[in-house]
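A structural walkthrough
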Amino acid sequence: MDVRVSPKTTSIPRSSLPLPLGERNWSSFVLGTVCTSTGVATWAFVIGGSAALYLNARMGLIAMVAGALIGQLLVTLATTPVSTKFGIETTVSTKPQLGVRGIYIGLFLMLFNAIGWNTVLMIFFGRAVASVLDIFGLIGDSSRYTVSVVSSVAGLILIGVLVTRGTRSLSKTGPVIAGSIVLLAAWLVYILLRTHGVSGVADAAPLEPHDNRLLNYTLVVEMLIAGTFGWWGYMGGIVRMVSGARKAILPTMLGLGAAWAVVAAVSLFGALVTGEPDPTVWVPEIAGQVGAVIVLIFISFANLGSTLVGVYVSTLAVKQTQSLGRSLSWGRTVALVLAPMLFILIFIPNMIFDNVPIFMAFLGMITGPMVGVQIADWFILRRRAHMSVSSLYLPGRASNYWYLRGFNPAGVLALIAGSSTYMLIMNPYTLIPNSPIFAYTTASIPAVLMGGTVYVLASRAMWRLFPHTHTQYQNHRQFDVEAS
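Residues numbered from 1 in each chain as written. Predicted model: local features only at pLDDT ≥ 70, side-chain atom pairs only at ≥ 80, totals over all residues. Heavy atoms only, no water.

Each helix and strand counted, the protein chain has 19 helices and 4 strands in total. The proportion of buried residues among the 484 residues of the protein chain is 59%. A separation threshold of at least 6 residues defines the contact pool for the protein chain, and within that pool the share at least 24 residues apart is 84%. Split by element, the accessible area of the protein chain, about 18600 Å² in all, is 67% carbon and sulfur. (Helix = DSSP H or I, 4+ residues; strand = E, 2+ residues; numbered from the N terminus. Buried < 20%, exposed > 50% of the residue type's maximum accessible area, 1.4 Å probe, protein only. Contact = heavy atoms within 4.5 Å. Areas by Shrake-Rupley, 256 points an atom, 1.4 Å probe, with all protein chains shown as cover.)

Set out below in structure tokens:
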């Protein structure tokens, strides 16, 4: 479906409007490589090392793939139908559920996970560069921190330059980065098996398991589901580059679902056989300094690819806002997105990098309910039949999505209920389950279900109490939407 908002309706920068069908020129292959280069970055190694605390190689691989596929399926259901049908990115797609002003909640969710993840990636990138220089004797231990910070900042500036070129950078760099990642991951597996053998990897015991085997399994599944929810903000900006949902489902499920779990398994295996979850420690143990340099190069490639996509979709999200986004050029919006990341990289990199597991728990807590709300809105309340594309861009009360002072009470209530459900089941600060049902349900899945259920019930209650809101919901403004 090719949807255009008439220029007579509103004056909006072209980059903020729905992408016309004729400009959606990515093939499934290009989308798959972009998704793969996005998914397999430092976070894959962090997850793999953490999974080694609870599960052995076989069960860890099964749990990670299961969690990643479950999480990605939910994210795909929430974002792909609307983004591929109408050519819109994730943040603007939240306006029907949250309201004209409530969209800033969606923007916060998107920027929270994108800026958080990409700052971690660039910190690791800087540390990788410093480690390589140290191995070659070019710097000393006293200058490692300074070199890592300077390298992180330089890498982020390079990403900013590439993003100013738009999607051309993504389509050209995606296949190269994805191919490099696959080759380097295969090399790491070869080194592990050559050094320890298949039986050595398979028989290695988990590092710090709980007594309850089911709890161990569910903890790893939860980590992968919550981590995969981080792709929610990315999805709209990249899947809208293909011409239909069918072209997006398999590439996203494999690239953002299966691929990053499989690469995380490399770190899982390494952590199990060496007893050390940090890849910068176990790689030199099994492959020496040459191996360490190769894996650091691998991490650098992966991180640059992921950060490139993250900064692009963050910039695209900010461009949807009526205040900053629509008054700034694309280049200045890129600079605005990079500003908080630069601040963190320069002043507080250790505080952020040392709390990645807590960050992931918060991803599940705040993003899971939004995923549930969008799935319920599209499939249960049938938003697919009543989407007013023009109202996504009309300001204030002119939009069908003004609701109550610019907020949709049903959407806001659903997010609160879903996040509260997560906290009742697991403490995101301590990562300790608060309820025995966690072992059977995880915390993220109940948060998704609660968010979607409350949204449906609250929406229908609001339609009964305020019938005009139901009329607005069903009103699809045809006069300023052109479809062909």
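There is more to say, and it comes next.
Our focus in this paragraph is the side chain of Glu89. Secondary-structure assignment places Glu89 in the loop between α3 (57-86) and α4 (95-98). It is Arg240 that comes nearest to the buried, bridge-free Glu89 among opposite-charge side chains, at 7.4 Å. A distance of 2.9 Å separates the side chain of Glu89 from the backbone nitrogen of Thr91, its partner in a polar contact. Reaching out from Glu89, the side chain makes a polar contact with the backbone nitrogen of Val92 at a distance of 2.6 Å. With residues up to four places along the chain from it excluded, the contact list for Glu89 reads Ser83, Gly236, Gly237, Arg240, Leu316, Ala317 and Gln320. (Lys, Arg positive; Asp, Glu negative; His and termini not counted. Salt bridge = Lys/Arg side-chain N within 4 Å of Asp/Glu carboxyl O. Polar contact = N/O pair within 3.5 Å; in protein donor to acceptor, adjacent residues only side chain to side chain.)

This brings us to the confidence of the model for the protein chain. Residue-level pLDDT values for the protein chain average 84, and 88% of them are 70 or greater. Averaged pLDDT values for the elements of the protein chain fall to 37 in strand β4 (residues 481-483) and rise to 97 in helix α16 (residues 409-425). Confidence over residues 6-10 falls short of pLDDT 50; this stretch has 6 contacts with residues more than four positions distant or in other chains. (pLDDT = per-residue confidence, 0-100.)

Here helix α1 (residues 28-39) spans 16 Å end to end across 12 residues, near enough to the 16 Å set by a 1.5 Å rise per residue. Within α1, 10 of the 12 residues are buried, which leaves the element mostly enclosed by the surrounding structure. Of all the positions in α1, only Val30, Leu31, Gly32, Thr33, Val34, Cys35, Thr36, Ser37, Thr38 and Gly39 are classed as buried. (Expected span 1.5 Å × (residues − 1).)

So, on to the pattern of salt bridges. One pass over the structure, following the stated rule, counts 1 salt bridge. Across the pair Arg144 and Asp134 runs a salt bridge whose closest N-O atoms are separated by 3.0 Å. Taken together, the positions of Arg144 in helix α6 (residues 144-163) and Asp134 in helix α5 (residues 103-135) put the pair 10 residues apart, joining distant regions of the chain.

A few words now on the packing of aromatic side chains. Applying the stated rule across the entire model yields 11 aromatic pairs. Aromatic side chains Phe112 and Phe359 sit 5.3 Å apart centroid to centroid with 45° between the ring planes, which places their arrangement in the tilted category. Placement of the pair is Phe112 in helix α5 and Phe359 in helix α15 (residues 356-380), with a sequence separation of 247 residues. Classification of Phe359 as buried rests on a relative accessible area of 13%. Each member of the aromatic cluster is reached from another via a ring pair, and the members are Phe108, Phe112, Trp117 and Phe359. Cation over ring: Arg127 sits above Phe353, and NZ or CZ is 4.4 Å from the ring centre. (Phe/Tyr/Trp six-rings, centres within 6.5 Å; stacked < 30°, edge-to-face > 60°. Lys NZ or Arg CZ within 6 Å of the ring centre and 35° of its normal.)

On the surface, a nonpolar cluster with roughly 330 Å² of combined accessible area is contributed by Leu73, Leu77, Phe379 and Ile380. For the nonpolar patch, the elements supplying multiple residues, two or more each, are α3 and α15. Here Leu73 is to be found in helix α3. (Patch = residues over 30% accessible without salt bridge, like charges linked within 9 Å, V, L, I, M, F, W, Y side chains within 5 Å.)

Right, let's get into the environment of Ile432. Within the secondary structure, Ile432 sits in strand β3 (residues 432-433). Residues Ile432 and Leu219, spaced 213 residues apart in sequence, show a C-alpha to C-alpha distance of 9.5 Å. Residues within four places of Ile432 in sequence aside, it is in contact with Met426 and Asn427.

Our next topic: the side chain of Thr84. Position of Thr84 relative to the elements: it lies in helix α3. Of the residues examined, Thr84 reaches a relative accessible area of 3% and is grouped as buried. Among the polar contacts made by the side chain of Thr84, one reaches the main-chain carbonyl oxygen of Thr80 at a distance of 2.6 Å. Of note is the side chain of Thr84, whose polar atom sits 3.4 Å from the backbone oxygen of Pro81. Aside from chain neighbours lying at most four places away, what touches Thr84 is Arg24, Val239, Val242, Gly244, Ala245 and Ala248.

This paragraph deals with the packing of α6 against helix α13 (residues 330-347). Interaxial distance between α6 and α13 falls to 10 Å at its minimum, and their mutual angle equals 165°. Between α6 and α13, the interaxial angle falls into the category roughly antiparallel. By crossing handedness, the relation of α6 to α13 is classed as right-handed. Along the contact surface, α6 presents Tyr145, Val149, Ser152, Val153, Leu156, Gly160 and Val163, while α13 presents Trp330, Val334, Leu338, Met341, Leu342, Leu345 and Ile346. For the contact of α6 with α13, the class distribution of residues is 12 nonpolar, 2 polar and no charged. (Axes fitted to C-alpha atoms, helices over the stretch in contact; angles between N-to-C directions. Parallel < 35°, antiparallel > 145°, perpendicular 65-115°, else oblique. Left-handed = near helix turned anticlockwise from the far one by under 90°. Nonpolar A, V, L, I, M, F, W, Y, C, P; charged D, E, K, R; others polar.)

Next up on the list: the environment of Phe438. Note that Phe438 resides in helix α17 (residues 438-441). The spatial distance from the C-alpha of Phe438 to the C-alpha of Glu222 is 9.3 Å, given a sequence separation of 216 residues.

Among the nonpolar cores identified, the biggest contains 133 residues, and Met64, Val220, Ile238 and Trp260 are the most heavily contacted of them. The residues touching Met64, leaving out its near neighbours within four places in the chain, are Ile47, Gly48, Ala51, Val220, Leu224, Ala261, Ala264, Ala265 and Leu268. With 15 residues, the next largest nonpolar core counts Val82, Ile103, Met387 and Tyr403 among its residues. (Core = buried A, V, L, I, M, F, W, Y, C linked by side-chain atoms within 4.5 Å.)

Tracing the sequence through the fold places Val65 in helix α3. With 199 residues separating them in the primary sequence, Val65 and Ala264 have C-alpha atoms 9.4 Å apart.

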